[in-house]
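Observations on the model geometry
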Amino acid sequence: MGSWAAATWRLGGCSGRGGLRGVQRWRGSSRLGGGDRAATLSDLLQSSVGAEEPGAAAAAARRERPSPREGTVLLFPGQGSQFVGMGRGLLRYPGVRDMYRLAEKVLGYDLLSLCLEGPRDELDRTRHCQPAVFVASLAAVEKLNHQQPEVVERCVAAAGYSVGEFAALVFAGALGFAEALYAVKVRAEAMQKASEAVPSGMLSVIGRREANYKFACLEARKHCESLGIENPVCEISNYLFPDSRVIAGHLQALEFLQENARKYYFTRAKMLPVSGAFHTRLMEPAVEPLAEVLKSIEIQKPLVCVYSNVDGKKYMHSKHIQKLLVKQVVSPVMWEQTMHSVYERKQGTEFPYTYEVGPGKQLGAVLKKCNLKAWKQYNHVDVLEDEEAAEA
């Protein structure tokens, strides 16, 4: 497998070193010793090793500053993009089977079989689908690196939706593959446990210009209080694109909004197939377990710009990453704002090529709504064989 050459340049205020030590780190972490024994966290952390940056390649890249069009952006999907069969088209690429073998050691179950064969109900469970999407997305990067290595080498920015942020940080060299997967495991299990504690969910809403989402949530909370629910939750949990939000909270609040959709100028209000109010304070029980894990693992400054879901801004340093990854669990995903940050540029400046790496094309669809000009340079790296993806 070829190495991901290092390069340094600037684009839209980002200093990026494409080609990324990140892939070397998570490749290194896949070589676990100890035969078939269950790996401890200590083993996993010791196995995730860094690699030196090739200085000569970086220096050469600094001398050749590419045009904005030559830079690339990678987007990593989140929970909800998973489907049975994902990953089948990636197994022939170098290193992918190693990634799934390591995942089995970290998670304690056969993730690859679950992804390929299901059953769907099990794959869709929060504790399973978050690690599944994380691994499939980074495996898709392997495919991209094999087919178009220049795309990886020229990457200047990355962003991930919810759990996809962990994959983006691994790609950018901020986290090792094994450590990040362990953190995702803890996060997913804790979020599932929190979602089972209170009947809650998420409502996808598209509203007219007159829609006042916060006022609607306020009235839904008052409705819950009238039913005897103490301290009810109903709030915006995802900012997707103009006029589209996801509202999360107690089920009674969401049902109230659906019944009164016309009053609040909602043109669509559809329940999402999830069992919890993710990215709200109902996820507070998941905060401490994730915080403890992140304290125990090495985090480095990303080698390309990675944008946070919490505020749509670039991660600056390791403590910043640690703090915001925890805060993200109980904060709304500011994806619309993130897309504005990633693609902000002077009028007349060309947009970079964008690649969504992982299952589904949801982020591409959202990008089209946020920035049509940027979307025209969008591509998707599928986790099926190309022929299967075309049929799907």
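All of the points below concern the structure found in this document. Since this is a predicted model, take the numbers as computed values, not measurements.

Structural notes on the overall build of the chain
Helix and strand counts for the chain stand at 18 helices and twelve strands. Counting over 392 residues, the chain shows a buried share of 57%. Here the contacts in the chain between residues at least 6 apart in sequence split such that 76% fall between residues at least 24 apart. Of the roughly 16,800 Å² of accessible surface on the chain, 48% is carried by carbon and sulfur atoms.

Thoughts on the packing of helix H7 (residues 126–147) against helix H9 (residues 164–171)
When two helices pack together, their arrangement is captured by the angle between the axes and the distance separating the axes. At a closest axis distance of 9 Å, the pairing of H7 and H9 adopts a crossing angle of 35°. Between H7 and H9 the crossing geometry is right-handed. Between H7 and H9, the contacting residues are Phe134, Ser137, Leu138 and Val141 on the first element and Phe166, Ala167, Val170 and Phe171 on the second. Broken down by class, the residue content of the contact of H7 with H9 amounts to seven nonpolar, one polar and no charged.

Examining the sheet that holds strand S9 (residues 305–307)
In a beta sheet, neighbouring strands pair by backbone hydrogen bonds and run either parallel or antiparallel. Taken in spatial order, the five strands make up an open sheet running S9-S4-S3-S11-S12, and their pairing is parallel. Single-partner strands in this sheet number two, and they are S9 and strand S12 (378–381). Ignoring which end each strand starts from, the neighbouring axes of this sheet average 20° apart. Both strand S3 (residues 72–76) and strand S4 (residues 155–160) contribute to a ladder of five bridges, which runs parallel. Paired with Leu75 across the bridge in S4 is Ala159. Packed onto the sheet, H9 meets S3, S4 and S9 and runs at close to 155° relative to S4.

Quick word on the layout of surface pockets
Empty space within the largest pocket amounts to approximately 1,000 Å³. Every residue lining the largest pocket is counted, 36 residues in all, and those nearest its centre are Gln79, Gly80, Ser81, Leu272 and Gln362. Only helix H6 (120–124), helix H10 (177–197), strand S5 (200–207), strand S6 (234–241), strand S7 (244–250), strand S8 (266–271) and helix H16 (362–370) provide two or more residues apiece to the lining of the largest pocket. With five residues, H16 is the single largest residue contributor to the lining of the largest pocket.

Considering the nonpolar core
Residues Leu74, Phe76 and Phe134 are the most contacted members of the largest nonpolar core, which totals 102 residues. Broken down by element, this core gets its largest block of residues, ten residues, from H10. Those residues within four positions of Phe134 in sequence are excluded, and the remaining contacts are Phe166, Ala167, Val170, Phe177, Ala180, Leu181 and Val184. In this structure, Val205, Ala211, Cys217 and Ala220 belong to the second largest nonpolar core, which totals 21 residues.

Quick notes on the sheet that holds S8
Overall, mixed pairing links the five strands, which are arranged S8-S5-S7-S6-S10 in an open sheet. The sheet terminates laterally at S8 and strand S10 (333–334), the two strands that pair on one side only. Note: S5 against S7, seven bridges, orientation antiparallel. Across the sheet, the residue bridging to Leu203 is Ile247, located in S7.

Some thoughts on the side chain of Ser237
Looking at where Ser237 falls in the secondary structure, it is placed in strand S6. Leaving out residues up to four positions away in the same chain, Ser237 has contacts with Met202, Val246, Ile247, Ala248, Phe278, His279, Thr280, Ser331, Pro332 and Val333.

Quick notes on the pairing of S5
Counting buried residues in S5 gives seven out of eight residues, a clear majority hidden from the surface. Pairing of S5 with S8 involves five bridges; the strand directions are antiparallel. Note on S8: the bridge partner recorded for Gly207 is Phe266.

Observations regarding the pattern of salt bridges
Using the criterion set out here, one finds nine salt bridges in the structure. Residue Glu219 is joined to Lys263 by a salt bridge in which the shortest nitrogen-to-oxygen separation is 2.9 Å. Residue Glu219 is located in helix H11 (residues 213–226), and its partner Lys263 is located in the loop between helix H12 (251–259) and S8; the two are separated by 44 residues in the primary sequence. Its salt-bridge partner being Glu336, residue Arg245 comes within 3.5 Å of it at the nearest N-O pair. Highlighted residues: Arg245 in strand S7 and Glu336 in helix H15 (residues 335–343), separated in sequence by 91 residues. With a relative accessible area of 12%, Glu336 lands in the buried category. Connected through salt bridges with shared partners, the residues Arg127, Lys185 and Glu189 form a single ionic network.

What counts and how
Residues numbered from 1 in each chain as written. Predicted model: local features only at pLDDT ≥ 70, side-chain atom pairs only at ≥ 80, totals over all residues. Heavy atoms only, no water. Helix = DSSP H or I, 4+ residues; strand = E, 2+ residues; numbered from the N terminus. Buried < 20%, exposed > 50% of the residue type's maximum accessible area, 1.4 Å probe, protein only. Contact = heavy atoms within 4.5 Å. Areas by Shrake-Rupley, 256 points an atom, 1.4 Å probe, with all protein chains shown as cover. Axes fitted to C-alpha atoms, helices over the stretch in contact; angles between N-to-C directions. Left-handed = near helix turned anticlockwise from the far one by under 90°. Nonpolar A, V, L, I, M, F, W, Y, C, P; charged D, E, K, R; others polar. Pairing = 2+ DSSP bridges. 1 Å grid on protein atoms, 1.4 Å probe; cavity = no way out; pocket = protein on both sides within 12 Å on 5 of 7 lines; lining within 4 Å. Points joined across faces, edges and corners; volume = space filled by probe spheres on them. Core = buried A, V, L, I, M, F, W, Y, C linked by side-chain atoms within 4.5 Å. Salt bridge = Lys/Arg side-chain N within 4 Å of Asp/Glu carboxyl O.

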